[in-house]
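Take a look at the letters that make up each chain.
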Amino acid sequence: MTNTPRISGISGPTITAELMRGCFMHEVVRVGWEKLLGEIIRIDGDLAVIQVYEETLGLKIGDPVERTGELLSVELGPGLLGGIFDGIQRPLPSLYERWGDYISKGAIVPRLDKIRKWRFTPVAKAGDRVEGGTVLGTVEETPAITHRIMVPPCVSGTIAAINSGEFTIAEPVAELDDGTRITMRQRWNIREPRPTAERLGFNVPMLTGQRILDTLFPVAEGGSAIIPGGFGTGKTVLEQTIAKFAAASVIIYIGCGERGNEMSDVLHQFPLLSDPYTGRPLMERTILIANTSNMPVAAREASIYTGMAMAEYYRDMGLRVALMADSTSRWAEALREISSRLEEMPGEEGYPTYLASRLAAFYERAGRFRCLGRKEEVGAITVIGAISPPGGDFSEPVTQASMRTASTFWALDYDLAYQRHFPAINWRTSYSLVAPNLSRWFAENAATDWGAMVEEANAILQREEELADIAKVVGIDAMGEKERVEMELARLIREGYLRQSSTHPTDAFCSQVRQTKLLAMFLDYARTVSSAVHKGCPLETVLRAPMVEALLRAREMPEDGLDAELQSLREEVRAYFGKGWA
Ligand SMILES: Nc1ncnc2c1ncn2[C@@H]1O[C@H](COP(=O)(O)OP(=O)(O)O)[C@@H](O)[C@H]1O
Ligand SMILES: [Mg+2]
């Protein structure tokens, strides 16, 4: 007993253990009599500093520490989809079943179901040469997703035997000639990116179904977008809306350090939602990870990496994964807290000096890749991270560091949220650096002149900004008629196109086809009005145009009959402005 590792110091979520000679960085340990999960984050002689992923209240100096010889890993295999996990991959439903609402400390529960049998259908055969990433067979994980059972990275050989039938994730489905047995489960160190064959460039958008995002600031498939915004500006609503509607095959939603009631809304709501593309339950292709503010701080980082490792695993199957993290600021704050307990030299605003590199490494795990072992196939991870800058001040370190790596920037704005213009994305400060890479896709799939349409809309919005500045000085009534018309046209685009209700049954999700039709309608209207005004049509006629209400409500029209409605609106517009001016 006297020579076994034990606790020699406790400081919140970090503890020091002595007699740890031989341990290694990031080794997983079990701390105290309750065997709390911890990870070694610093070694100093025979002392080790450990961050504990569970509540440390009740630990005492002298309590035992057990080494495991393992790195913090996820368990990957069939049964992840539809799952709801905490930051260290303990399934929440099974924790609730055993211990009620409270997660017992040190609870060692299986991360994936070890009893359930899955039907494995081989696609490889004995004698085949295989390597990391080779598909051995498939499992219908859910009706939405066929799970491909792959040879783990770094394993290769010739198949000696391969089975077909029903297996648990722990039973071997194949054996290689060197005796290596391959099961349907893989373990993976969450801090290490899973290998791929090659990183590819961006050329396809990941559509979100949100007009302002897809039209003005598209995120690339395999790209990364950040959503910074002050309290109450709509980060969580936007992350959840994208999780529901994103054009991705697998959705991974990480609730990191935010209020528990919000996450419990997600946990209750998502299982009731259906997929807008297939009508099937959304959870068939979704994984939820909940690490709420009342859960241990150190597990925030684990929740981010756990979600990412799962995303990479589905990407390796050749799928398109979207990963949402709400909020990355809570993870950064956890880093700050642990760093200060380690008495590391603080950087800006007390964050550790490695904050920027940690964030960059996270966003760099997004991407489009050729799959390991299957170069002809492509998988992608698109990352969408919310950021909660204190006071909505984007000059703070987390926003700044994230801006340096994420290619798409969706800035949420207090003023817009206050006016209840949602999504409260500021179209002046937001940007997408990948828009040029995606223009060809939009030209081929949205409209041949999509780029010109977007430019035209942008020009109208930009003109409004200039005019608004002048109006502030001279007053709106002193503005010329032509300028007042320009402002009216911009208003229609703002309210009828950029604005989008996250709760309206038809408006909440806007397909690309629908976006093209709606944008074309507003631009047509703008052209008709501008030309009429040019020919002498007075401001009053424009402001009193009877079809404006219908234009503003077009975004809510059901798909059925939309074309007919838009056509008749167009005719109405022609007739109204046609009286001598068109
Ligand atoms: N797209 C939206 N449509 C309608 N209301 C919204 C939208 N986004 C945000 N809201 C409103 O703003 C509130 C705060 O949004 P939330 O996402 O919780 O903010 P944050 O996560 O930035 O603190 C929501 O409860 C909702 O009333
Ligand atoms: Mg929020």
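Quick caveat: nothing in here was measured; it's all calculated off a predicted structure.

> Help me understand the domain arrangement of the chain, please; the structure alone is not making it clear to me.
It is common to give the size of an interface as the accessible area that goes away when the parts come together. Segmentation of the chain into domains returns domain 1 (6-71), domain 2 (113-184), domain 3 (198-432) and domain 4 (450-577). Here the C-alpha centroids of domain 1 and domain 3 sit 31 Å apart. Across the contact, twelve residues belong to domain 1 and ten residues belong to domain 3. Here domain 1 meets domain 3 over a buried area of about 890 Å², counting both sides, of which 64% is carbon and sulfur. Together, Pro13, Arg42 and Tyr53 form the three largest contributors to the area buried by domain 1 at its contact with domain 3, with a combined 50%. For the pair domain 1 and domain 3, the interface holds zero salt bridges.

> Got a minute to help me understand the site of ligand 1 in this structure?
With respect to spatial proximity, the complete set of residues near ligand 1 consists of Gly230, Phe231, Gly232, Thr233, Gly234, Lys235, Thr236, Val237, Glu262, Arg420, Phe422 and Ser502. Thr236 has a polar side-chain atom sitting 2.8 Å from an oxygen atom of ligand 1. In this structure, Ser502 approaches ligand 1 through a side-chain N or O atom, which is 3.1 Å from a nitrogen atom. Against a free-state accessible area of 550 Å², the protein chains account for coverage of 73% of ligand 1. Broken down by element, the residue count for the shell around ligand 1 peaks at three residues, all from helix α3 (residues 235-245).

> How do you make sense of unusual backbone geometry when you look at a structure like this?
Among all residues save glycine, negative phi is the norm, and among peptide bonds the norm is trans. With an omega dihedral of 10°, the bond running from Asp326 to Ser327 counts as a cis peptide bond. With respect to the helices, strands and loops of the structure, Ser327 is situated in the loop between β22 (320-326) and α6 (328-341). Following Phe422, the chain continues into Pro423 via a peptide bond in cis, with omega recorded as -10°. Counting through the fold element by element, Pro423 comes out in the loop between α9 (414-418) and β26 (431-432). Residues other than glycine seldom take positive phi values, yet Gln89 does so here, at roughly 60°.

> Explain helix α8 (residues 397-405) here, please?
Helical periodicity: at 3.6 residues per turn, an α-helix aligns residues three or four positions apart in one direction. Inspection of α8 places Pro397, Val398, Thr399, Ala401 and Ser402 among the buried residues, and these make up the whole buried set. Buried residues along α8 sit in contact with β19 (224-228), α6, α7 (355-363), β24 (374-387) and β25 (408-409).

> What should I look at first to understand the packing of helix α13 (residues 512-534) against helix α16 (residues 562-577) in this one?
How two helices pack is summed up by the angle between their axes together with the distance between the axes. Where α13 contacts α16, the axes come no closer than 10 Å and their chain directions differ by 5°. As far as their axial angle goes, α16 and α13 are roughly parallel. Across the interface between the two elements, Arg514, Lys517, Ala520, Met521, Asp524, Tyr525, Thr528, Val529 and Ala532 from α13 touch Leu562, Asp563, Leu566, Leu569, Arg570, Val573 and Phe577 from α16. Its residues assigned to classes, the contact of α13 with α16 comprises ten nonpolar, one polar and five charged.

> I tried to follow the sheet that holds strand β1 (residues 6-11) on my own but got confused; where do I start?
Taken in spatial order, the six strands make up an open sheet running β1-β2-β5-β4-β3-β6, and their pairing is antiparallel. At either margin of the open sheet sits one strand with a lone partner, and together these are β1 and β6 (65-71). Taken pair by pair, the neighbouring strands of this sheet meet at an average axis angle of 35°, ignoring direction. By the bridge criterion, four bridges tie strand β3 (residues 27-31) to β6 in an arrangement that is antiparallel. Looking across to β6, one finds that Glu27 is bridged to Leu71.

> How should the nonpolar core be read in this particular structure?
Soluble globular proteins: nonpolar side chains tend toward being buried together. In this structure, Ile242, Trp410, Trp450, Ile493, Tyr525 and Phe577 are the most contacted members of the largest nonpolar core, which totals 83 residues. Examining the composition of this core, we find that ten residues originate from one element, α13, more than from any other. Both domains that meet at this core, namely domain 3 (198-432) and domain 4 (450-577), each give it at least three residues. Dropping the residues within four chain positions of it, Trp450 is found in contact with Thr215, Phe442, Tyr497, Gln512, Gln515, Thr516 and Leu519. Formed by 78 residues, the second largest nonpolar core is a distinct cluster that contains Ile88, Phe167, Ile254 and Ile387.

> Sorry, what's going on with the sheet that holds strand β16 (residues 181-182) here?
Across a sheet, strands are paired by hydrogen bonds formed along the backbone, either parallel or antiparallel in direction. Across the sheet, which stays open at both edges, the four strands sit in the order β10-β13-β15-β16 with antiparallel pairing between neighbours. Single-partner strands in this sheet number two, and they are β10 (129-130) and β16. Inspection of the sheet shows strand β13 (residues 157-162) paired to strand β15 (residues 174-176) by three bridges, in the antiparallel sense. What sits directly across from Ile159, in β15, is Leu176.

> What am I meant to see in the pairing of strand β4 (residues 36-44) here?
Regular strands have side chains that alternate between both faces of the sheet. Strand direction decides the pairing type here: β3 and β4, joined by four bridges, are antiparallel. Each residue of the ladder has a partner; that of Val31, found in β4, is Leu36. Taking the residues between adjacent antiparallel strands as the criterion, β3 and β4 are bridged by four residues, where Gly32 takes a positive phi near 80°. Relative to strand β5 (residues 47-52), β4 runs antiparallel, the two sharing six bridges. Its bridge partner being in β5, Gly38 is matched across the sheet by Val52.

Each value, and the rule that gives it
- Residues numbered from 1 in each chain as written.
- Chains lettered and ligands numbered in written order.
- Predicted model: local features only at pLDDT ≥ 70, side-chain atom pairs only at ≥ 80, totals over all residues.
- Heavy atoms only, no water.
- Domains from an automatic or database assignment.
- Contact = heavy atoms within 4.5 Å.
- Buried area = accessible area lost by both parts, 1.4 Å probe.
- Salt bridge = Lys/Arg side-chain N within 4 Å of Asp/Glu carboxyl O.
- Near = heavy atom within 4 Å.
- Polar contact = N/O pair within 3.5 Å; in protein donor to acceptor, adjacent residues only side chain to side chain.
- Areas by Shrake-Rupley, 256 points an atom, 1.4 Å probe, with all protein chains shown as cover.
- Helix = DSSP H or I, 4+ residues; strand = E, 2+ residues; numbered from the N terminus.
- Buried < 20%, exposed > 50% of the residue type's maximum accessible area, 1.4 Å probe, protein only.
- Axes fitted to C-alpha atoms, helices over the stretch in contact; angles between N-to-C directions.
- Parallel < 35°, antiparallel > 145°, perpendicular 65-115°, else oblique.
- Nonpolar A, V, L, I, M, F, W, Y, C, P; charged D, E, K, R; others polar.
- Pairing = 2+ DSSP bridges.
- Core = buried A, V, L, I, M, F, W, Y, C linked by side-chain atoms within 4.5 Å.

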